[in-house]
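The residues making up each chain are set out below.
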Amino acid sequence: MEVKVRFAPSPTGHLHVGGLRTALFNYLYAKKVGGKIVLRIEDTDQSRKVENAVENLISTFEALQISFDEGPVQGGDYGPYFQSERLPIYNEQIKLLLEDGKAYPCFCSAEKLEEARKKQSETKQTIKYNRQCLKLDAAEARKRMEKEPHVIRMKVPGEEEVLFYDVVRERVAIRCEELDDQVLIKSDGFPTYHFANVVDDHLMGITHVLRGEEWLPSTPKHVILYQFFNWKQPKFIHLPLLLNPDKSKLSKRQGDVAVEDYLNKGFLPETLINFVALLGWHPKNEQELFGLAELEKEFSLKRINKSGAVFDIEKLKWMNSQYLKNLPIETIMNYAEPVFKAEGLETTDVGKFQAVVENARKRVDTIHEMIEHSTPFYTEVQFSDEDKNLLRNEPSQKVVTFFSKKLSNKSNWTEAEIKILVNETAEKTGVKGKDLYAPLRLALFGAAHGPDIPLLIDILGVDEAINRLKVQI
RNA sequence: GGCCCGUUCGUCUAGUGGUUAGGACCCAGGGUUUUCAUCUCUGUAACAGGAGUUCGAUUCUCCUACGGGCUACCA
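Remember, predicted model here, so these are calculated numbers, not experimental data.

Visitor: Teacher, can you tell me more about the environment of Leu263 here?
Guide: Examined against the element boundaries, Leu263 turns out to sit in helix 8 (residues 259-264). A sequence separation of 103 residues divides Leu263 from Thr366, and the C-alpha atoms of the two residues are 9.7 Å apart. Ignoring sequence-local partners within four residues, the contact set of Leu263 consists of Ala63, Leu268, Pro269 and Leu272.

Have a look at this one:
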């Protein structure tokens, strides 16, 4: 049987890094075994709907080059792929359960339920529905359903326990008496996650459910639903949670969680994919840098971890710096171009832009940090009083004067020749070490630290270099 | 409160019934480099605790502790 997995986000905002991890593991597993991956939008909560969330999600996946075989964009034979468009399907299925007595209507008001829960909480009981409406006369209940607001609940069976096997955690068992009669259909006619998820997974032919560990406690309810319908269960693979530095579930309160935020800060799609792949999963060997294609080959459910993983931004930065250094220069230039333009830096001189990027890429962790190292090549340098004093002192003047004069002699300098010229300058002026290099770099670049003098002049161009030096004399 | 899941360096993790418990990030120090960065070398640092099984447990079992998740007409 062909493997089919799905990523089923609810459109409540931007794609979360935890969501990316779930999507990625699904994607990688599908690719690894030659299966299919479905994108299904779980928009059953009308009150939490966010405008443009779906468009946003889709464009983020595009930026990451993760594609789906079925979904809102590419269609497919098992649609619609928005749960809000599948209401007739849920309706049909709930009727079956109602007829079999495996589900029942409940007319209790939200206030009443809230009160009951409060009471249970105070008396330290297990919090669950008291099954009041289960006692209702069937005919009467049917009549009331016509005009009264109500929900449909599942009737948890009286068996001892529900048992299922999670691929990561193996055997998981829970006593049925612990389970609540979960609401399946809400009073607005929409299904809850628990119901829609089971119905859709079955109807869409999903064979493996990879999702976050937060779903583990409600899986027994899903298992019961599969049993009610006499449907084959998919394999469950619950992924360890992504954590804040304090080990709580990764959340907005402790920094960025949206994939978009990281992209906007200059982290590369390649980095995000690689980094998130290593949270809760590990390869066979000690390799850490993986492209998507490599991950597709390496991925295995067997090497998924059990315990939660802290999202460590320091390591993310390091990994991003590795990609900045090692990806083809053209790739980095493509990522950098819009960022440079937004900062008003001119990228039309491609040769210069490339040289600037080449210099900056090995000094930073993100695309955005490249700006700081590149601006001096494009804009007039600014000097502090301290800098000015240093440039004005006698040895500095000797160095700058001699060097710029010699530099003017010809226009086609190689880096090697400039290196020789620097040495000659030291010899002729008698200035050396820090006193020699500091004024040159300061005049050319506006900073005490930075690229080699030959590289500096190469990027700037001899004419501009001479200009910058002469201003200081 | 109840239920469920988890626990190897600060973090991501490897690993085994007998190992000097390995790698990566971070941090510290050395080397390369005129500076900075890169690169490179080295170092610091972990099996939560207790009991049991065993000739021997980090590894297997149980208990405790701690951490987390769930406990909605949210997903």
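Past the structure itself, the notes keep going.
Visitor: Would you mind showing me how to read the protein's contact with RNA strand B here?
Guide: In the vicinity of RNA strand B there are 61 residues, among which His282, Glu288, Arg363, Tyr437 and Asp452 approach most closely. Looking at RNA strand B alone, sugar and phosphate atoms form 73% of those within 4 Å of the protein. Gly280 places a polar main-chain atom, nitrogen or oxygen, 2.6 Å from a phosphate oxygen of RNA strand B. Measuring from a sugar or linking oxygen of RNA strand B, one finds a side-chain N or O atom of His449 at 2.5 Å. Looking at the surface near RNA strand B, the elements that each hand over two or more residues are helix 4 (110-122), strand 4 (151-154), strand 6 (170-175), strand 11 (309-310), helix 11 (313-326) and helix 18 (434-445). Looking at the surface near RNA strand B element by element, the count peaks at five residues for helix 11. Considered class by class, the residues forming the surface near RNA strand B number 23 nonpolar, 14 polar and 24 charged.

Visitor: Any chance you could explain the nonpolar core here in plain terms?
Guide: The tendency in soluble globular proteins is for nonpolar side chains to be buried side by side. Phe340, Phe403 and Leu407 are the most contacted members of the largest nonpolar core, which totals 99 residues. The leading source of residues in this core is helix 1 (residues 17-33), at nine residues. Those residues in contact with Leu407 that sit more than four places away from it in its chain are Trp413, Leu421, Ile457, Val462, Ala465, Ile466 and Leu469. Residues Val162, Phe195, Ile206 and Ile224 belong to the second largest nonpolar core, which totals 32 residues.

Visitor: Hey, could you run me through unusual backbone geometry in this one?
Guide: With the exception of glycine, the majority of residues adopt a negative phi angle, and the majority of peptide bonds are in the trans configuration. In this structure, the amide linkage connecting Gly79 to the following residue, Pro80, adopts the cis form with an omega of -5°. By the element assignment, Pro80 lies in the loop between helix 2 (53-64) and helix 3 (87-99). Of note, the phi angle at Gln65 is positive, near 65°, even though the residue is not glycine. Its place among the elements puts Gln65 in the loop between helix 2 and helix 3. Residue Asn230 is not a glycine yet carries a positive backbone phi of 65°. If you trace the backbone, Asn230 turns up in the loop between helix 7 (219-229) and strand 9 (235-239).

Visitor: Help me understand the state of the cysteines, please; the structure alone is not making it clear to me.
Guide: Joining two cysteines, a disulfide is a covalent bond between their sulfur atoms. Tallying each qualifying case throughout the model produces zero disulfides. The closest cysteine sulfur to the non-disulfide-bonded Cys176 is located on Cys106, 20 Å from its own sulfur. What makes Cys176 buried here is its relative accessible area of 5%.

Visitor: Where do I start with the packing of aromatic side chains in this structure?
Guide: Two aromatic rings, taken as a pair, are described by how far apart their centres are and by the angle between their planes. Inspection of the entire model under this criterion finds 14 aromatic pairs. Seen from their ring centres, Phe164 and Phe236 are 6.0 Å apart, and the 75° between their planes marks the pair as edge-to-face. With Phe164 in strand 5 (residues 161-166) and Phe236 in strand 9, this pair connects stretches of sequence that are 72 residues apart. One aromatic cluster is present, formed by Phe25, Trp281, Phe290 and Phe299 through successive ring pairs. Its end group placed over the ring of Phe25, Arg21 keeps NZ or CZ at 5.2 Å from the ring centre. Here the basic side chain of Lys265 rests over the ring of Tyr262, its NZ or CZ set 5.6 Å away from the ring centre.

Visitor: What is the right way to look at the layout of surface pockets in this model?
Guide: The gaps of empty space that remain are located by a probe, the size of a water molecule, rolled over the atoms. Approximately 1100 Å³ is the volume found for the largest pocket. Looking at the largest pocket, it is lined by 38 residues, and the ones nearest its centre are Pro9, Ser10, Thr12, Glu214 and Trp215. Residue assignment for the lining of the largest pocket shows that the elements contributing at least two residues are strand 1 (4-7), helix 1 and strand 8 (208-212). Looking at the lining of the largest pocket, the element that brings in the most residues is helix 1, giving four residues. Tallied by class, the residues present in the lining of the largest pocket amount to 15 nonpolar, 11 polar and 12 charged. When its volume is computed, the second largest pocket comes out at roughly 490 Å³. Surrounding the second largest pocket, 25 residues form its lining, Ser109, Ala110, Leu113, Arg117 and Arg153 being those nearest its centre. When contributions to the lining of the second largest pocket are tallied by element, the ones reaching two or more residues are helix 4 and strand 4. The element contributing the most residues to the lining of the second largest pocket is helix 4, with seven residues.

Each value, and the rule that gives it
- The residue count restarts for each chain, going from 1 along the sequence in the order it is written.
- Chain A is the first chain written and ligand 1 is the first ligand written, with later ones labelled in order.
- In keeping with the model being predicted, local features are shown solely for residues with a pLDDT of at least 70 and side-chain atom pairs are shown and tallied solely at 80 or more, while totals for entire chains, interfaces and linings include all residues.
- To obtain the side-chain values, all non-hydrogen atoms of the structure were used and water was disregarded.
- Only DSSP runs of H or I with at least four residues qualify as helices, and only runs of E with at least two residues qualify as strands; both kinds are numbered from the N terminus onward.
- Two residues qualify as a contact provided that any one of their heavy atoms is within 4.5 Å of a heavy atom in the partner residue.
- Any residue with a non-hydrogen atom lying within 4 Å of a molecule or strand is treated as near it.
- For this analysis, a polar contact is any N or O atom pair within 3.5 Å, provided that within protein one partner can donate a hydrogen and the other can accept it, and provided that sequence-adjacent residues contribute only side-chain to side-chain pairs.
- Side-chain classes are defined by residue name, with Ala, Val, Leu, Ile, Met, Phe, Trp, Tyr, Cys and Pro counting as nonpolar, Asp, Glu, Lys and Arg as charged, and the others, Gly among them, as polar.
- What we call a nonpolar core is a set of buried Ala, Val, Leu, Ile, Met, Phe, Trp, Tyr and Cys residues that are connected through their side-chain atoms within 4.5 Å.
- Throughout, exposure labels follow a simple rule: accessible area from a 1.4 Å probe, protein chains only, divided by the maximum for the residue type, with under 20% read as buried, over 50% as exposed, and the rest as partly exposed.
- Cysteine sulfur atoms are paired as a disulfide whenever they fall within 2.5 Å.
- In summary, the pairing rule links any two rings of Phe, Tyr or Trp, Trp by its six-membered ring, whose centres are within 6.5 Å, and it sorts them by plane angle into stacked for under 30 degrees, edge-to-face for over 60 and tilted for everything else.
- Charge-over-ring placement is defined geometrically: NZ (Lys) or CZ (Arg) within 6 Å of the ring centre, and within 35 degrees of the ring normal.
- Grid points spaced at 1 Å and placed over the protein atoms alone form the basis of the search, with a cavity being a set where a 1.4 Å probe fits but cannot get out and a pocket an open set showing protein on both sides within 12 Å along at least five of seven lines. Lining residues have an atom within 4 Å of a point.
- Grid points are joined across faces, edges and corners, and a volume is the space filled by probe spheres set on the points.

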